[in-house]
Amino acid sequence: MGHFTEEDKATITSLWGKVNVEDAGGETLGRLLVVYPWTQRFFDSFGNLSSASAIMGNPKVKAHGKKVLTSLGDAIKNLDDLKGTFAQLSELHCDKLHVDPENFRLLGNVLVCVLAHHFGKEFTPQVQAAYQKVVAGVANALAHKYH
Amino acid sequence: MLSAQERAQIAQVWDLIAGHEAQFGAELLLRLFTVYPSTKVYFPHLSSCHDATQLLSHGQRMLAAVGAAVQHMDHLRAALSPLADLHALVLRVDPANFPLLIQCFHVVLASHLQDEFTVEMQAAWDKFLTGVAVVLTEKYR
């Protein structure tokens, strides 16, 4: 999707340094499951997803959210080679997890909302633009090995 | 289509926007143009000069229409019919662009309202705006 300028990279890394990956991860995955409830189809084994508060407080959601965002943190260190960084995860999501790549776009957008919520005014249009580039790049990289 | 709880949450979101239509509307457009530059093609009068007054004025107009939609959320088709005609016959904004605007709307609300904009409110608001977009593009063909 995008080429990351040096300015993009500086913006992205500096904000990411202030992100609590555990909290943001749980928040992001939780929000995805609440705002787009059909995404719950992948998480039948997660237990109680019966209400917004059940979802946001669910320990499996938090744990998995943390895992997902930790992986995104790796992406941020490798913005110039997202396809390489996510090659194996892409195969996994296609062959084993059977996740429609549209879900990666939804999750990416929710992450941007969570960052906006957390950082408030600091999350300027320019910062948003940089992060939408990141999440679009990650979504494409994760879809890249689908067949 | 909308539960009583969703209706209440949509009204709650609007209460947080009311009075700030120009400010939020302008920021919405600025984010749209910054994050998704291709959307500028639909706003030639606005996007070339980033004139703050024009953004505020157009932003105000757009959000006023959203506010009207909130007042008539149970009969959107009737309430939005003139705007649907405008979009079908004159503006012809490709339907793929509405989710981009909706995303920017969530970001405006999340960044300004923070904890006041809860996850349930976001869910209801997303559902509502998606419904508005459907109505606005329904007469395209």
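As recorded in an unreviewed UniProt entry, chain B goes by Hemoglobin subunit mu and comes from Macaca mulatta. Annotation of chain B in UniProt includes, under Sequence similarities (unreviewed entry), the sentence "Belongs to the globin family."

An unreviewed UniProt entry annotates chain A as Globin domain-containing protein of Macaca fascicularis. UniProt lists a comment for chain A under the heading Function (unreviewed entry), and it reads "Gamma chains make up the fetal hemoglobin F, in combination with alpha chains."

Visitor: For the interface of chain B and chain A, give the residues involved together with the corresponding values.
Guide: Quoted interface sizes are often the accessible area lost when the parts come together. Taken together, the contact between chain B and chain A spans 21 residues of the former and 22 residues of the latter. Taken over both partners, the interface formed by chain B and chain A buries close to 1,800 Å², and the fraction arising from carbon and sulfur atoms is 58%. Taken together, the links from chain B to chain A amount to zero salt bridges. Here chain B and chain A share 11 residue pairs in polar contact (both at pLDDT 80 or more) between them. Of all the secondary structure elements, the ones that give two or more residues to the side of chain B that touches chain A are α2 (21-35), α7 (98-113) and α8 (119-137) of chain B. Counting residues per element, the side of chain B that touches chain A draws most heavily on α7 of chain B, at seven residues. When grouped by side-chain class, the residues that make up the side of chain B that touches chain A number nine nonpolar, eight polar and four charged.

Visitor: Give me unusual backbone geometry: which residues, what numbers.
Guide: At His98 of chain A, a residue that is not glycine, the phi angle is positive and equals roughly 55°. Residue position: His98 of chain A is located in the loop between α6 (87-96) and α7 (102-119). Backbone geometry places Gln114 of chain B, a non-glycine residue, at a positive phi of 45°. Note that Gln114 of chain B resides in the loop between α7 and α8. We classify Gln114 of chain B as partly exposed; its relative accessible area is 30%.

Visitor: Account for the packing of aromatic side chains, with residues named and values stated.
Guide: Taken as a whole and judged by the stated rule, the model has eight aromatic pairs over all chains. Taken together, a centroid distance of 6.4 Å and an interplanar angle of 75° make the contact between Phe104 of chain A and Tyr146 of chain A edge-to-face. Linking Phe104 of chain A in helix α7 with Tyr146 of chain A in the segment after α8 (125-143), this pair joins segments that are 42 residues apart in sequence. Residue classification places Phe104 of chain A among the buried residues on the basis of a relative accessible area of 10%. Owing to a relative accessible area of 24%, Tyr146 of chain A belongs among the partly exposed residues under this scheme. Arranged with centres 5.6 Å apart and planes meeting at 75°, the rings of Phe105 of chain B and Trp125 of chain B form a pair that is edge-to-face. In this pair, Phe105 of chain B is assigned in helix α7 and Trp125 of chain B in helix α8, connecting sequence segments 20 residues apart. The buried category is assigned to Phe105 of chain B, whose relative accessible area is 4%. For Trp125 of chain B, a relative accessible area of 0% gives the class buried.

Visitor: Kindly report on a nonpolar patch on the surface, identifying the contributing residues and their values.
Guide: Residues and elements named next belong to chain B. Side chains of Leu86, Leu89, Val90 and Leu91 sit close together on the surface and give an oily, nonpolar patch of about 360 Å² of accessible area. Tracing the chain through its elements places Leu89 in helix α6 (residues 81-91). Residue class for Leu89 comes out exposed when judged on its relative accessible area of 61%.

Visitor: I'd like a rundown of the UniProt feature "domain: Globin" (unreviewed entry) in chain A, residues and numbers included.
Guide: Under the local residue numbering, the UniProt record ascribes the feature "domain: Globin" (unreviewed entry) to residues 3-147 of chain A. Between the end C-alpha atoms of residues 3-147 of chain A the distance is 25 Å, and the span holds 70% helix and 0% strand.

Rules of the game
All chains use their own residue numbering, which begins from 1 and follows the written sequence. Just so you know, chain letters begin at A and ligand numbers begin at 1, following the order they were written in. Only residues with pLDDT of at least 70 are given local features in this predicted model, and only at 80 or more are side-chain atom pairs given and counted; all residues enter the totals for whole chains, interfaces and linings. Computation of side-chain values: all heavy atoms of the structure, hydrogens and water removed. UniProt positions are given in the numbering used here, feature names are shortened, and annotations may be inferred rather than shown by experiment. In what follows, residue pairs with any heavy atoms lying within 4.5 Å of each other are defined as contacts. Once two parts are joined, some of their accessible surface, as seen by a 1.4 Å probe, is lost; buried area is that loss totalled over both. The salt bridge criterion pairs a side-chain nitrogen of Lys or Arg with a carboxyl oxygen of Asp or Glu, the two atoms within 4 Å. For this analysis, a polar contact is any N or O atom pair within 3.5 Å, provided that within protein one partner can donate a hydrogen and the other can accept it, and provided that sequence-adjacent residues contribute only side-chain to side-chain pairs. Each helix is a run of DSSP H or I of at least 4 residues and each strand a run of E of at least 2, with the numbering of both proceeding from the N terminus. Three categories are distinguished: nonpolar for Ala, Val, Leu, Ile, Met, Phe, Trp, Tyr, Cys and Pro, charged for Asp, Glu, Lys and Arg, and polar for the others, with Gly belonging to the last. Relative accessibility thresholds used throughout: buried, under 20% of the residue-type maximum; exposed, over 50%; partly exposed, between the two (1.4 Å probe, protein chains only). Centres within 6.5 Å make a pair out of two Phe, Tyr or Trp rings, where for Trp the six-membered ring is used; the pair is then stacked when the planes are under 30 degrees apart, edge-to-face when over 60, and tilted otherwise. Patch definition: residues above 30% relative accessible area lacking any salt bridge, with like charges linked at up to 9 Å and the nonpolar side chains Val, Leu, Ile, Met, Phe, Trp and Tyr linked at up to 5 Å. Using the Shrake-Rupley algorithm and a 1.4 Å probe, accessible areas are obtained, with residue cover drawn only from the displayed protein chains.

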